[in-house]
Amino acid sequence: MAEKLLALEGISKTFPGVKALDDVSFDLEKGEVHILVGENGAGKSTLMKILAGVYLPDGGRIVHKGEAVAFENPRQAQDRHIAIIYQEFNLMPNLTVAQNICLGREPLHNGGFIDKERMRRTARRLLDFLRMDIDVDQPVSRLGVAHQQLVEVAKALSADAEILIMDEPTATLSEKEIDQLFKTIRNLRGQGVSIIYISHRLQEIKQIGDRVTVLRDGRTIGCRPVEGIVIDELIAMMVGRTIGGNRIRVRNTARGEEALVVEELRNHKLRGVSMHVRRGEIVGLSGLVGSGRTELARAIYGIDPILSGRVRLLGKDMKLKRLTPARCIRTRMGFIPENRKEDGLTLSMPIVQNVTQASLGQLFRSGLIDGREERRLAAKYSADLRLNTKNMSMLAQNLSGGNQQKVVLAKWLCTHSDFLIFDEPTRGIDVGAKEEIHNLIDGLAAGGVGIMMISSDLPEILAMSDRVYVMREGGIVKELPGDGTTQEEIIRYAVGRGDR
Amino acid sequence: MKSVAGPEGRLKRALAVVPVDIYAIVLLGAIFWAACDPGTFLTSGNFMNIMEQCTILAVISIASLLPIITKGVDLSLGSIMSFAGVVAAYLVRNQEWGMAPACLAAVAAGAGVGMINGFIISRNNVAPFIITLGTMNIAKSLAMVVSNSRTISANTPSFRWLGGETVGGVPYSVALMLAVYLVFDALMRKRRLGGYIYAIGGNETAARLSGIDVRLVKFLTYTFGGVLAAVAGVMLASRLGSANPGYGDGFEFYGIASAVVGGASMAGGTGSVWRMFAGSFIISALRNGLNMAGLPVSLQMIVLGLIIVGIVTLDTMGGRGEK
Amino acid sequence: MNRAFLDRFSRILALVLIVVLLAATKPNFLGVRNLLNILNQASLNVIVAVGMTFTMLIAGIDLSVGSILALTSVMAARFFQTGGVSDMIAGFAVALGLGTFLGVLNGAAIVHLRVPAFLVTFGMMQAARGFAYLFNSGVIYNNFDGKFLFLGKGDVLGVPTPVAIAALVLGLFGLILAKTTMGRRVYMVGANYSSARYSGISIGRTTIFAYALSGLLAALAGLVYISRLNAAEAIIGEHFNLMAIAAAAIGGVSFNGGSGSVFGTVLGALILTIIMNGMNLHGIPTQYQNLATGAAIILAVLLDRRAMRAEV
């Protein structure tokens, strides 16, 4: 067996409240594309950040070219020619393309002045190699997402990367851009660059991968050559159960009154969206990241401004100019945001105060807080959700992801809303808690609450929804029934090939 | 990709908005000034007066700019000015030092305070404005201790060289300011360090992930601030022929105001050295204009307070799309 | 005794240590007169710092309290020279109303103009001081009526009136912060602006409330202050900004918002006053007072960072 270029052996990493990685092993050979798959929260990004020197592992070791190494900071990883392209871009919007590409490695004249001409030439050479024709003197902020990503690739190459890690690079790209990226990846592989490619888009694996490793809940489940692999087998490895075992909810065909009616909604992102949700109905909202799903929810909830259109919420016509979360809550709407640590929770506050946060005015009309009543309510809703903690004064930051999401849910149960938007309700949550959250959403709908559920998890959308809207480029491109729709069908509409 | 879309929008708007605002302010200032007293508006004496006020502010505005680019701020600059001025005057007057070693000692004192700022801010995730509010008081206190809370008069020709003397018709103070501008323009545009300062302001996490020593860069940023403030303090003391622990009061805010008028954004990442001069000139001209117009100091304070808030507002209006 | 315990009670410990140190070195420190004197000195700072605590809890700051104090008190001063009840009421109304109004202006500017709080309140600091000079340049109001002097110089059952007022302010606003929905909103907005917004809490209203309160309390402190001085002029109160910020910082109110309490702030104010008092007793020149205050602010902020890291 040839010597591995890189081997991660028995890596463990614990964050407060979560064991992110547990004895994970992974290896890489020269000139291969090794795909790392797993659900959100499986530990893929953490593993790669360890390899890039962002985190130190708690246990295990990294062997690079037969030598045990420890990266204490990103620089040390870079010095061994390991480059990483993060999910969230790491470019400086205010600097030019050339400055970004050469950042930290600017070519110098004698005397320490930056050799701008050489810097431009380097940038242009790398971009030519990537078959990308852009002005290297313009600020990165003027580039589109796909171009920014290629600039990231060029930046990695400028460091003479021998190992290139790409964290979900296709999440925001169009089909054409993806093709271009894959060409680039094959090209790089041909030059002897080894690539670790993180994805949860299974269809991509066969297109570019040599080997694939599956992570689940911070553990290595297995490593297989791509040739001859069956996608269903991978899915089974990822989710720990076969896809047929997914519980399908009993569809609700009863026609309740309208909980939400949106007509021709327009703003910076939305291009005339019309849709509706009835009480007792679960409506899935699908589409690629950046298609405008979250923006639609934020507009309805009064966070993003609306230019024109009509919103009728629970029978009440909302004044668009004066639409605020407070008004929506008073009309009995709630919103479980996608980013629970930033938008959903106040991490530095105890569970109790998080639970009552959205219903303070409703619960304590006099303005005086009755501490005992508050604790009683928080305990009640937490118990309904089987929140695994006795101590209601524990700070939200010390809870695990699943429990944190339960606190957010308890917050909205506490408001007794009749219409709820869930944005990625189970992202980064373990399978058990996921099931519980699905049951809860199901139960709410059965109790007559109208539900709009945004999710990138197609099986989740299909298992839960009575109807599905597919969004693309700020508009709704298709309405599909929950029954009989396939993942492929949704994806076709989401990428703009619905007519094929 | 919120993080990318935000600054893009801001930059676009800023590019569209900022130059117009600056010229509008210049124009308004000039008209106001001219209207107030047509006789003195363009006299060379008054112009030189503005220039001399401007040189000091121009140096301070660079000291303000560097932390602002990194999304920070330095409130201690005014006190460092006072401290350095007092140190120089004390050494010349009471210890009979030569002007050159006294100036060096004063600059070293300023650098010391700047290094304290830099050390604390670069190693702790704390709000720069509160740390520098603390050092502002420490520096002020040190200035009071050195001067025993009095004005130190050092009205000797050697001490006043910066104020009066000229090289080929150009006052020393202007020449010194030009030197500072040349050095820092080169630093910010042609050296790696300058690029890293902008990079930190653009995206600090990304800068760290790119292997930039963010701590070192921030440390140097505040240290330069201290050095420049000390230079400005010596210039002021030399011009006035005396030093007092209160002379630098308020300069930190005029510095911020000049920086923002000169196109720097409080949101970080932008601002160029030469435009700081424009900003300082506008603020100096405005102050001069208000003075010439015979406005009482009280009204000048009100107007300047409003102007500072006003220009920062214009600046942030461009960034409205962001949180 | 573990780290968390030390961190939590570090302020009380610091206070006790300083008291013990001073009592050991200066026997007259523990005299009733000196202690009452300390409380009396701290009382004004407590009143202002309670308001400052609110602005800092929402992750802001109010640099204008000293100027608001000066402007409101000089504007109201003339009403206190006659001793008439209606004049007295008018004086209070002018000062407190104007203080609240200026605070609202601060808050509204921060919310609607989206300018950093320290710049808005710096602008206000300049402007309010400017107006104080504009309307009262060179004028010193004194010879206040005896009834008004009770506010700053009188006593209630042996307790100096300023101390009693500070205690009332502390109790009332401590209660508002801990027990009302408004107080809760203040914490929520400061701790996580975005989550508060998603939970339907009005950021604007909460912010304006905090700054209005800061303005109101600055004005109240101003009235007590001019009564104690038996004089009012435009120049007074410049050091109040810093003292209030220092008290809150030393008292553990976080500059990132969302954590701290008015009781911590009071501890901070006491520590600060006792340090000053001790410096006086030991004959240390007043020039060093700013140094001590500045160093105390920085130390407190750094210790807080440590404490927070220890918790996470």
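Residues numbered from 1 in each chain as written. Chains lettered and ligands numbered in written order. Predicted model: local features only at pLDDT ≥ 70, side-chain atom pairs only at ≥ 80, totals over all residues. Heavy atoms only, no water.

Participant: Would you mind showing me how to read the interface of chain C and chain B here?
Facilitator: When the parts of a complex come together, some accessible area is lost, and that lost area is often used as the size of the interface. Taken together, the 35 residues of chain C in the interface contact 40 residues of chain B. In this assembly, chain C packs against chain B so that about 3400 Å² is buried in total across both faces, 75% of it on carbon and sulfur atoms. Across the contact surface, chain C and chain B share 0 salt bridges. The interface formed by chain C and chain B contains 4 residue pairs in polar contact (both at pLDDT 80 or more). Only helix H4 (85-113), helix H5 (117-136), helix H11 (240-250) and helix H13 (288-311) of chain C provide two or more residues apiece to the side of chain C that touches chain B. Residue composition of the side of chain C that touches chain B, grouped by class: 24 nonpolar, 7 polar and 4 charged. (Contact = heavy atoms within 4.5 Å. Buried area = accessible area lost by both parts, 1.4 Å probe. Salt bridge = Lys/Arg side-chain N within 4 Å of Asp/Glu carboxyl O. Polar contact = N/O pair within 3.5 Å; in protein donor to acceptor, adjacent residues only side chain to side chain. Helix = DSSP H or I, 4+ residues; strand = E, 2+ residues; numbered from the N terminus. Nonpolar A, V, L, I, M, F, W, Y, C, P; charged D, E, K, R; others polar.)

Participant: Would you mind going over the nonpolar core with me for this structure?
Facilitator: One broad trend across soluble globular proteins is that nonpolar side chains are buried collectively. By size, the foremost hydrophobic cluster in this structure holds 193 residues, and its most contacted members are Ile130 and Ile256 of chain B together with Phe54, Phe118, Phe144 and Phe255 of chain C. Contacts of Phe54 of chain C, omitting those with residues within four sequence positions, involve Phe173, Ile176, Leu177, Val186, Phe209, Ala210, Leu213 and Val262 of chain C. Counting 67 residues, the second largest nonpolar core, distinct from the first, contains Tyr301, Val352, Ala358 and Ile429 of chain A. (Core = buried A, V, L, I, M, F, W, Y, C linked by side-chain atoms within 4.5 Å. Buried < 20%, exposed > 50% of the residue type's maximum accessible area, 1.4 Å probe, protein only.)

Participant: How do you make sense of the domain arrangement of chain A when you look at a structure like this?
Facilitator: Taken domain by domain, chain A holds domain 1 (6-245) and domain 2 (258-494). Of note, the centres of domain 1 of chain A and domain 2 of chain A, computed from C-alpha atoms alone, are 33 Å apart. (Domains from an automatic or database assignment.)

Participant: So what exactly am I meant to see when it comes to the pairing of strand E8 (residues 194-199) of chain A here?
Facilitator: On any regular strand, side chains alternate: one points to one face of the sheet, the next to the other face. Residue and element names in this part refer to chain A. Of all 6 residues making up E8, 6 are buried, and the element is well covered by its neighbours. The alternating pattern of E8 places Ser194, Ile196 and Ile198 and Ile195, Tyr197 and Ser199 on opposite faces, both of which are buried. The pairing of strand E3 (residues 33-37) with E8 spans 5 bridges and is classified as parallel. Each bridged residue has a counterpart across the sheet, and for His34 the counterpart in E8 is Ile196. One ladder, built from 5 bridges, connects strand E7 (residues 163-167) with E8; its direction is parallel. Within E8, the position partnered with Met166 by the bridge is Tyr197. (Pairing = 2+ DSSP bridges.)

Participant: Looking at this structure, how should I read the interface of chain C and chain A?
Facilitator: At the junction of the two partners, chain C supplies 20 residues and chain A supplies 32 residues. Our enumeration of links across chain C and chain A arrives at 1 salt bridge. Taken together, the links from chain C to chain A amount to 14 residue pairs in polar contact (both at pLDDT 80 or more). Listing elements by their share of the side of chain C that touches chain A, those giving two or more residues are helix H8 (181-191) and helix H9 (193-198) of chain C. Among the elements that make up the side of chain C that touches chain A, the one with the highest residue count is H8 of chain C (6 residues). Of the residues belonging to the side of chain C that touches chain A, the class tally is 7 nonpolar, 8 polar and 5 charged.

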